[in-house]
Amino acid sequence: QVQLVESGGGLVQAGGSLRLSCAASGRTFSSDAMGWFRQAPGKEREFVAAITGSGSSTYYADSVKGRFTISRDNAKNTVYLQMNSLKPEDTAVYYCAISYSSRWPLTMRYQYAYWGQGTQVTVSS
């Protein structure tokens, strides 16, 4: 059974930074793409960033490009999302997910098989 556990969320002022972590267990995930999504109150869950199994390729939503960085440490079965220059509109619950698809990039929810429980990020103005 695959489990994904996010951590690192919290309250930060606009312009600040946070680093989210997502620890995976239940399988070796070095061959699997991983992604981050977010869901703000009253809105659909939206794609944020994705990374291939090797970490050689990344892909970002336009809204976070240049501010967020996705990375992974396969030895630790962990994927990260470094978030800089945070804005109030980045406030959301952030979810990590794992994909078994060979397609790229992976920006759609249905392309992901397992999801974490989410971590809250709140950016105050």
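Cut-offs applied
Residues numbered from 1 in each chain as written. Predicted model: local features only at pLDDT ≥ 70, side-chain atom pairs only at ≥ 80, totals over all residues. Heavy atoms only, no water. Phe/Tyr/Trp six-rings, centres within 6.5 Å; stacked < 30°, edge-to-face > 60°. Helix = DSSP H or I, 4+ residues; strand = E, 2+ residues; numbered from the N terminus. Buried < 20%, exposed > 50% of the residue type's maximum accessible area, 1.4 Å probe, protein only. Disulfide = S-S within 2.5 Å. Core = buried A, V, L, I, M, F, W, Y, C linked by side-chain atoms within 4.5 Å. Contact = heavy atoms within 4.5 Å. Pairing = 2+ DSSP bridges. Axes fitted to C-alpha atoms, helices over the stretch in contact; angles between N-to-C directions.

Visitor: With reference to specific residues and values, describe the packing of aromatic side chains.
Guide: How two aromatic rings sit relative to each other is given by the distance of their centres and the angle of their planes. On inspection of all chains with the given rule, the structure shows six aromatic pairs. Taking 5.7 Å as the distance between ring centres and 75° as the angle between the ring planes, the aromatic pair formed by F37 and F47 counts as edge-to-face. On the criterion of sequence distance, the pair formed by F37 in strand 4 (residues 33-39) and F47 in strand 5 (residues 46-51) is long-range, its members being ten residues apart. Accessibility classification places F37 together with F47 in one group, the buried group. A ring pair is formed by F47 and Y59, whose centres lie 6.1 Å apart and whose planes are at 35°; its orientation type is tilted.

Visitor: If you had to explain the state of the cysteines to someone new, which residues and values would you point to?
Guide: Tallying each qualifying case throughout the model produces one disulfide. Each sulfur of the disulfide joining C22 and C96 lies 1.9 Å from the other. Negative torsions about the S-S bond denote left-handed disulfides, and the value of about 50° found for C22 with C96 makes this one right-handed. Remark: C96 occurs in strand 9 (residues 92-99) and C22 occurs in strand 3 (residues 18-25); sequence separation between them is 74 residues. Here the two residues C22 and C96 agree in accessibility, since each one is buried.

Visitor: An account of the nonpolar core is requested, with residue identities and associated values reported.
Guide: Counting residues in hydrophobic clusters, the biggest one holds 36 residues, and the most contacted among them are W36, L81, M83 and Y94. Leaving out residues up to four positions away in the same chain, Y94 has contacts with E6, L20, W36, F37, R38, V48, F68, L81, M83, G118, T119 and V121.

Visitor: Which residues make up unusual backbone geometry, and what values go with them?
Guide: Cis rather than trans, the peptide bond between W104 and P105 has omega equal to -5°. Locating P105 in the fold gives a position in the loop between strand 9 and strand 10 (114-115). At S85, a position not held by glycine, the phi torsion is positive, near 50°. Its location among the elements puts S85 in the loop between strand 8 (78-83) and strand 9. Given the relative accessible area of 40%, S85 is considered partly exposed.

Visitor: Please give an account of the environment of P105 that cites residues and values.
Guide: Looking at P105, the relative accessible area reads 30%, which means it is partly exposed. Considering only alpha carbons, one finds P105 and Y59, 46 residues apart in sequence, at a separation of 6.6 Å. Those residues within four positions of P105 in sequence are excluded, and the remaining contacts are Y59 and Q111.

Visitor: With reference to specific residues and values, describe the environment of Y95.
Guide: Within the secondary structure layout, Y95 lies in strand 9. Along the primary structure Y95 and C22 are separated by 73 residues, whereas in three dimensions their C-alpha atoms are 8.6 Å apart. If we ignore the near neighbours within four places in the chain, the residues touching Y95 are E6, G35, W36, F37, Q39, R45, W115, G116, Q117 and G118.

Visitor: Give me the sheet that holds strand 7 (residues 68-73): which residues, what numbers.
Guide: Spatial strand order, 1-3-8-7: four strands in an open sheet with antiparallel pairing. In this open sheet, the two strands that pair with only one neighbour each are strand 1 (3-7) and strand 7. Averaged over neighbouring strand pairs, the angle between their axes works out to 15° when direction is ignored. Bridge analysis of strand 3 against strand 8 gives six bridges, and the strand direction is antiparallel.

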